[in-house]
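Letter by letter, the chains look like this.
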Amino acid sequence: MAAEVRDVVVLFSATQTYTHLHRYANCYFLVVATLQLLPGLSPTGQFTTIIPLSLVLFVTFCKDVFEDYRRHQRDAEVNSQTINVYRNNTWQMVLWRDISVGDLVEVARDISRGEFPADLLLLWSTEDDGLCHIETSNLDGETNLKLRKSHSENAQTQHPPFSRSDPSTFQGNIFCQPPNKDLYNFEGRLIRGDRPEDTSAIGIDSILLRGAKLGGSTKKVVGLVVYTGSHSKLMMNQQATRHKASSLESMTNRQIIFIFIFDIILCSTCAAGLGVSTNVSMDHWYLAAEDLNPVWTAVTGVATFIILFNNLIPISLYVSMEMVKIVQAQLIGSDLEMYHGATDTPANARTSSLNEELGQIQYIFSDKTGTLTCNIMDFLKFSVGEMSYGTGTTEIGRAAALREGRALRDDRPPGIKLEKGFFFYDDRVSDVHGQSREWRWMHQPNRGQLEHFFKILAVCHTVVTEEETDESGQPVLTYTAASPDENCLVCGMRYLGIKFIGRDATHVSIEVAQANGKPTVEKWRLYEVIEFNSDRKRMSIITRDPMGRLYLLTKGADTVIYDRLRRPVSREEESTNRVTKTTLERFGADGLRTLCVAQVQLEEAQYAEWAPLYKAATESVGDRQKKVDAAAELIERNLELVGTTAIEDKLQDGVPQAIELLRTAGLNVWVLTGDKQETAINIGYACALLHSSMEVFKFDENAPRESIGGKIREFMHDAQRSKARNPNIDVGVVIQGATLVDVTSETAPLENKENFLKLTEHCKAVICCRVTPGQKAEIVRLVKDGLGQVTLSIGDGANDVAMITEAHVGIGISGLEGMQAARAADYAIGQFRFLVRLLLVHGRWSYRRVSKVILYSFYKNILLYLTQFWFCFCNFFTGQSLYDRWALASFNLAFTGILLLTPRITLDPVIRFSALQPGSGKTAIKDHNSQAYDTTNRGAKLNTANQELRPDNQPRCQSAFRVP
């Protein structure tokens, strides 16, 4: 135990030493302190540097020790919880820290709040069919319930399944990946014997991760410990706070080098003067300088003067900067103007080291869904065959009509009842008030097509049901989904008469409305679920309907579905595919999120041949996801198009005003989205990223790859000519992901990258559509490295994490897609509009104040030691100090340092300017001279503000007492 404590102390001390010595100033003062300890060199005593330096480092060390001790206490509190473990043929209570891999653990809601102590393989649950509902908000921030199912073995195995009453009969071995941080994948297999039938695949759908807990109606589960302690996925994701050095801090390090060079010049000058004066002293017998060597005296004098002028570099600079930044981070977090009450989300500065970087942003890269939009879906329209259904328009559609000068009217009748998440109305489908149980679609000529389409949407999903009680005490069925889109579609089908009522391990149950008002329940046999991911852009299930027909049902993006459609077998099918494509474009022009729904009826032999391949892919250990995707490609082909869905995702409040302010402030805003080009363009106009007088260059997504380089050059020259004719004209670019492959990828020609960057330098707005998460990060990297500008990425989903971590500053929005983006970001906010205040107010404050802290720290020390330098001419360059040694040592820490850390916290007048309020009609600009955000059109108020903030207009002594 003593040895472990000693090792921890040594490791912690070594880490702290390395952390502090990577700063140039600390290394400099360590060298000076060492020189002072040498006898005969120091004119200011032996301890006037080592004591202040030790004090600074000790304060920082104590802060880190205290934080580490707090973490240790929290860890001890968690690890001291108890759990029920099966050992020695009996269930017994064991501390969390004593759990080992291979233990059987029973987790109950009434013990440790139902939290899982390790990563577990689910073997048994109190729910029917071994299902289990879990809550993962502490793990990934997602508040919706997830469904897990007990591990199922092959029916042919001769080994008995797990039994809660006799766990000792369950024996076997688990082979799985080494511990890793991937929360969304698990690859392994359970082997209980020598026969192939005794091997079964383990996937993430049977894994309960530490950090999650029981939810819903699940009371108790039993699991087998797979990973524990530091090997659990939660702990693998516990990374130390990322250290991003701001450009201001990097510049400060460079300035320290320049000041050090200036220090050496002063010391060399004084040393040369000492050598000359020593030579002159030999002529004066009373100075007793006969035995001195002028050259050697000058050489040793360099060390003496380095010690004398050591505080030319302020010893408290970094501590002062850190303390100021910490206070600034607290101000960001406590700003009520950036508090989102609807979701109870305050702003959160996850790091304080980049506060001033917020005031230097030049490029903003934004996601669309959930970032510019609300990510709250409303079912609005759909199409089946060649028929399109649904009325009304969207905010984006209205903006497009206004831009084109078209008259637009809402063709929905007055008095229509709109449910939350369901804004659909069409008198061919439902009545005005949505109360009829004799649905009008039942009397349409294509009733069979409509009913089958609705059933596909009610069956093909991963939604989980949960029964709750309403205010009157009546049971109400609620849906929980991994994405708002799926939840919206399933809720929409409920309002149209096809109600999803539940699922188990093998069946999906739906309630189908009938013309006689008596609904019937159908059970669809579920064989496989091929889940959605950002690469596949679709999800599929293999199911058998009540008539015994075997189907593959799929829904996904139109690009991936159309690529997998079968060759039309009739003119009618060919016409349907063509008309549906036109319908999708019309939906996209209204800014709607579209999905294609398709199916293929499988032959029994076809499925029997494919199933073993898919099973082998799901059981593989290593690149399982790639193998599963490859296996899915073998059966997701020759699809028949059934219909489409169109969902509205409204813009967040204040987005157009926020983008207008950011662009007027001189920032370049890019939107990176996976939407279709027309959808992205219309959203760009709706959120004021594009405007009618802007010259927009659009790349053709169907253009041959060899022509892309020429098109980039053509647009670049056109933009240059437009700017030459009218410097005030705004230019925009719209480009697709397929085109960006020849611009941002590692194999892209260098000429394309350079020309594209030259093109975008003329642009106030760039929209990249149909891009993947990886391409988002590549775009940010291209601009960051190619233009050398400070970049910011903002997003809300897991697919935005790559670009958030790639940018200089990452902003996460705490949205409905979870907290992955917010957890990976440097700052987290609740809405996009808060970005204006974060940059133009807090960024400006932080940049100005930190800059003045640095300048003040350098100024006061240079002023102090220049007087010491001139004094050297008066004392024959003997190294005599002008100041008392301890007064000198206290100069930075006590006389000026403490006062520096008590700044004014009164509001900057800029916060009261109406330009920062949405809809004010005023503008804000970026002051390129000071590289800080400022405002215009302020009249007398602005002049007053500048008078207050400009140090030159205050008495000089005030710079030592307050920092604006």
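So, a few notes on the structure that sits alongside this text. Bear in mind that the values here come from a model prediction, so they are computed numbers and not experimental data.

## Overview of the packing of aromatic side chains
Then comes step 1: What the rule picks out here adds up to 31 aromatic pairs.
Then comes step 2: With a centroid separation of 4.9 Å and 70° between ring planes, the pair formed by F873 and F877 is classed as edge-to-face.
Then comes step 3: Accessibility expressed as a relative area gives 44% for F873, which makes it partly exposed.
Then comes step 4: Here the aromatic cluster, defined as three or more aromatic residues joined through ring pairs, consists of F379, F382, Y389, F422, F424, W441, F453, F454 and Y495.
Then comes step 5: In this structure, R525 is placed above the aromatic ring of Y527, and the distance from its NZ or CZ to the ring centre is 4.9 Å.
Then comes step 6: When the ring centre of Y562 is taken as reference, the NZ or CZ atom of K581 above it lies at 4.2 Å.

## Some points on the nonpolar core
Then comes step 1: Residues L792, F832 and L835 are the most contacted members of the largest nonpolar core, which totals 48 residues.
Then comes step 2: In terms of residue count, the dominant contributor to this core is helix α24 (residues 834–872) (six residues).
Then comes step 3: Residues contacting F832, with those up to four places away along its chain left out, are S366, T371, L372, Q652, V655, A658, I659, L662, I794 and I813.
Then comes step 4: Ranked by size, the runner-up nonpolar core spans 44 residues in total, among them F379, W441, F454 and I647.

## Examining the sheet that holds strand β25 (residues 640–651)
Then comes step 1: Strands sit in the order β16-β15-β25-β24-β23-β22-β21-β20-β19 across an open sheet of nine strands; the sheet is antiparallel. Of all strands in the sheet, those with a lone pairing partner are β16 (387–389) and β19 (498–503), marking the two edges. Strand-to-strand twist of the sheet, defined as the mean angle between neighbouring strand axes without regard to direction, takes the value 30°.
Then comes step 2: Looking at chain direction, strand β22 (residues 538–544) and strand β23 (residues 550–556) are connected through seven bridges and run antiparallel. If you follow T543 over to β23, its bridge partner there is Y551.

## What to know about unusual backbone geometry
Then comes step 1: Notably, N89 is not glycine yet its phi reads approximately 60°, a positive angle.
Then comes step 2: Checked against the element boundaries, N89 lands in the loop between β1 (82–87) and β2 (90–95).
Then comes step 3: Of note, N638 is a non-glycine position whose phi angle comes to about 55°, a positive value.
Then comes step 4: As for its placement among the helices and strands, N638 is situated in the loop between α15 (624–635) and β25.
Then comes step 5: Residue class for N638 comes out partly exposed when judged on its relative accessible area of 49%.

## What to know about a nonpolar patch on the surface
Then comes step 1: Taken together, the side chains of I257, F258, F260, I261 and I265 define a hydrophobic patch exposed on the protein surface, amounting to about 450 Å² of accessible area.
Then comes step 2: On the secondary structure map, I265 appears in helix α6 (residues 247–281).
Then comes step 3: I265 gets classed as partly exposed once you look at its relative accessible area, which sits at 47%.

## Points about the pairing of strand β12 (residues 220–227)
Then comes step 1: For β12, a buried count of seven out of eight residues is recorded, marking the element as mostly surrounded by other parts of the structure.
Then comes step 2: As paired strands, strand β4 (residues 119–125) and β12 are joined by six bridges and run antiparallel to one another. For L122, the partnering residue across the bridge sits in β12 and is G223.

## Overview of the pairing of strand β27 (residues 695–698)
Then comes step 1: For β27 and strand β28 (residues 731–736), the ladder comprises four bridges, and the chain directions are parallel. Within the sheet, the bridge partner assigned to V696 lies in β28 and is G732.
Then comes step 2: Tracing the backbone out of β27, into helix α18 (residues 708–725) and back to the parallel element β28 gives a crossover that is right-handed.

## Describing the sheet that holds β12
Then comes step 1: If you trace the six strands from one edge of the open sheet to the other, you get β2-β1-β3-β12-β4-β10, paired in antiparallel fashion. The open sheet has two edge strands with one neighbour each: β2 and β10 (207–208).
Then comes step 2: One ladder, built from three bridges, connects β1 with strand β3 (residues 104–108); its direction is antiparallel. Looking at the pairing, N84 lines up with E106 of β3.

## Observations regarding the packing of helix α20 (residues 750–761) against helix α21 (residues 773–787)
Then comes step 1: Between α20 and α21, the least distance of the axes is 11 Å, while the angle of their chain directions is 85°. In terms of axis orientation, α20 runs roughly perpendicular to α21. Taken together, the residues of α21 that come into contact with α20 (itself represented by K753, F756, L757 and E761) are L782, V783, G786 and L787.

What counts, and at which threshold
- Residues numbered from 1 in each chain as written.
- Predicted model: local features only at pLDDT ≥ 70, side-chain atom pairs only at ≥ 80, totals over all residues.
- Heavy atoms only, no water.
- Phe/Tyr/Trp six-rings, centres within 6.5 Å; stacked < 30°, edge-to-face > 60°.
- Buried < 20%, exposed > 50% of the residue type's maximum accessible area, 1.4 Å probe, protein only.
- Lys NZ or Arg CZ within 6 Å of the ring centre and 35° of its normal.
- Core = buried A, V, L, I, M, F, W, Y, C linked by side-chain atoms within 4.5 Å.
- Helix = DSSP H or I, 4+ residues; strand = E, 2+ residues; numbered from the N terminus.
- Contact = heavy atoms within 4.5 Å.
- Pairing = 2+ DSSP bridges.
- Axes fitted to C-alpha atoms, helices over the stretch in contact; angles between N-to-C directions.
- Patch = residues over 30% accessible without salt bridge, like charges linked within 9 Å, V, L, I, M, F, W, Y side chains within 5 Å.
- Areas by Shrake-Rupley, 256 points an atom, 1.4 Å probe, with all protein chains shown as cover.
- Salt bridge = Lys/Arg side-chain N within 4 Å of Asp/Glu carboxyl O.
- Right-handed = clockwise from strand over helix to strand, strands pointing away.
- Parallel < 35°, antiparallel > 145°, perpendicular 65-115°, else oblique.

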